[in-house]
Amino acid sequence: MIRRREILALPLLGVVPRAIAQNFHCGILVVGAGGAGLAAALEASAYSDSVVLIEKESFIGGDTLYSGGFFNAPNTEFQNRKGIKDSEEFYLQQITQSANGRGNPKVQTKLAKEAANTLNWLRKNGVTFGDEIYQIYGSGYRRSHKPVTALGSSYVQNLAAACLKKESPFELPLDWNLLKSSQIKGDFASPSLQRE
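These remarks concern the structure in this document. (Residues numbered from 1 in each chain as written. Predicted model: local features only at pLDDT ≥ 70, side-chain atom pairs only at ≥ 80, totals over all residues. Heavy atoms only, no water.)

### Here's the deal with the overall build of the protein
- Along the protein, the regular secondary structure elements total 7 helices and 6 strands.
- Secondary structure elements of the protein occur, N-terminal to C-terminal, as α-β-α-β-β-α-α-α-β-β-α-β-α.
- Residue pairs in contact within the protein that sit at least 24 positions apart in sequence constitute 69% of those at least 6 positions apart.
- Put simply, the protein shows about 12300 Å² of open surface, and 52% of that area lies on carbon and sulfur atoms. (Helix = DSSP H or I, 4+ residues; strand = E, 2+ residues; numbered from the N terminus. Contact = heavy atoms within 4.5 Å. Areas by Shrake-Rupley, 256 points an atom, 1.4 Å probe, with all protein chains shown as cover.)

See the structure below:
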C-alpha cells in the first residue's frame, strides 16, 4: 500500500511506481533502490542499455534517506582549500584502529583509497557539497563532507535523477514473494574489489 506522503515524494524524483511484470528481461537487474542500489544502477548503465532497478518499498532511498549525509574522504580539494593535511594512509590507519582487527583489510584499503574518487563521482552526478569540513563523532579527523541540501536525501534525489537521465527504469513496489518464487536466470555479480 502506498502512503500519501510517499506519493507526494515520488514526483519530486520523477519516479512513478508501477507493478512489475511477472516475466521481464533485462541486461542487468539491481535489487534495492537505496543509495548503494542507485549508485550500482547508475554505474551498470555504462555496461548495459537494459538496467532495471527494483525496490520492495513504494519509495526509493532506503536508509540513505534518513542518514545525516556526511561523507568521509581524505585529501580532497575541500580539505586542501582549508589547509587540512590528510592522506589515504592516515585514513586507512584510523579505519583499521577503529575496527579493532575485525574488519576486512582489503575492503578497508579500498575504502581509504577510493573515498576521494567516490566523492568526486557523487559531485559529477549532481550532489553538491558545502565548503565546510567536519569532524563528526567516530571519524577521528576533519574529513567529513556534507551535502548542501537535504543531507542523505540529497544523494537519493541526485542519483535517482542521474539514473532517469540514463533511462534506467524503476520498478516499485516489488512483490518480494514474486522474486523468491521466480526463476532468475543469468549471471550473478558478486562484490568485487577490482574494477575491470
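Read on, since the account is not over.
### What about the pattern of salt bridges?
- Counted according to the given criterion, the structure contains 6 salt bridges.
- Across the pair E77 and R81 runs a salt bridge, and its minimum N-O distance is 3.1 Å. Of this pair, E77 and R81 are both found in helix 3 (residues 77–81), 4 residues apart, which corresponds to roughly one turn of the helix.
- With its nearest N and O atoms 2.9 Å apart, the salt bridge here joins R143 to D86. Of the two residues, R143 is situated in the loop between strand 4 (129–134) and strand 5 (144–147) and D86 in the loop between helix 3 and helix 4 (88–99); the sequence distance between them amounts to 57 residues. Note on accessibility: R143 and D86 belong to one class, buried.
- Salt bridges here are not isolated pairs; linked through shared partners, they connect E77, R81, R123 and D131. (Salt bridge = Lys/Arg side-chain N within 4 Å of Asp/Glu carboxyl O. Buried < 20%, exposed > 50% of the residue type's maximum accessible area, 1.4 Å probe, protein only.)

### A closer look at the packing of aromatic side chains
- For the coordinates displayed, the defined rule picks out 3 aromatic pairs.
- On the basis of an interplanar angle of 80° and a centroid distance of 5.4 Å, the ring pair of F70 and Y134 is categorised as edge-to-face. With F70 in the loop between strand 2 (51–54) and strand 3 (71–72) and Y134 in strand 4, this pair connects stretches of sequence that are 64 residues apart.
- Owing to a relative accessible area of 33%, F70 belongs among the partly exposed residues under this scheme.
- Y134 sits in the partly exposed class, given a relative accessible area of 32%. (Phe/Tyr/Trp six-rings, centres within 6.5 Å; stacked < 30°, edge-to-face > 60°.)

### Points about the pairing of strand 5
- The pairing of strand 3 with strand 5 spans 2 bridges and is classified as antiparallel. What sits directly across from F71, in strand 5, is H145.
- Inspection of the sheet shows strand 4 paired to strand 5 by 3 bridges, in the antiparallel sense. In the sheet register, Y134 faces strand 5, and the bridge partner there is S144. (Pairing = 2+ DSSP bridges.)

### Observations regarding helix 4
- Taking 1.5 Å per residue, 12 residues should reach 16 Å; helix 4 reaches 16 Å between its end C-alpha atoms and fits that length.
- Among the residues of helix 4, those classed as buried are Y91, Q94, I95 and A99. With its buried residues spanning 130° around the axis, helix 4 presents them on a single face. Summarising the geometry of helix 4, the exposed residues directed more than 90 degrees from the buried face are E89 and Q97.
- Positive phi shows up at N100, right after helix 4, with a value of about 50°. (Expected span 1.5 Å × (residues − 1). Arc of directions from axis to C-beta.)

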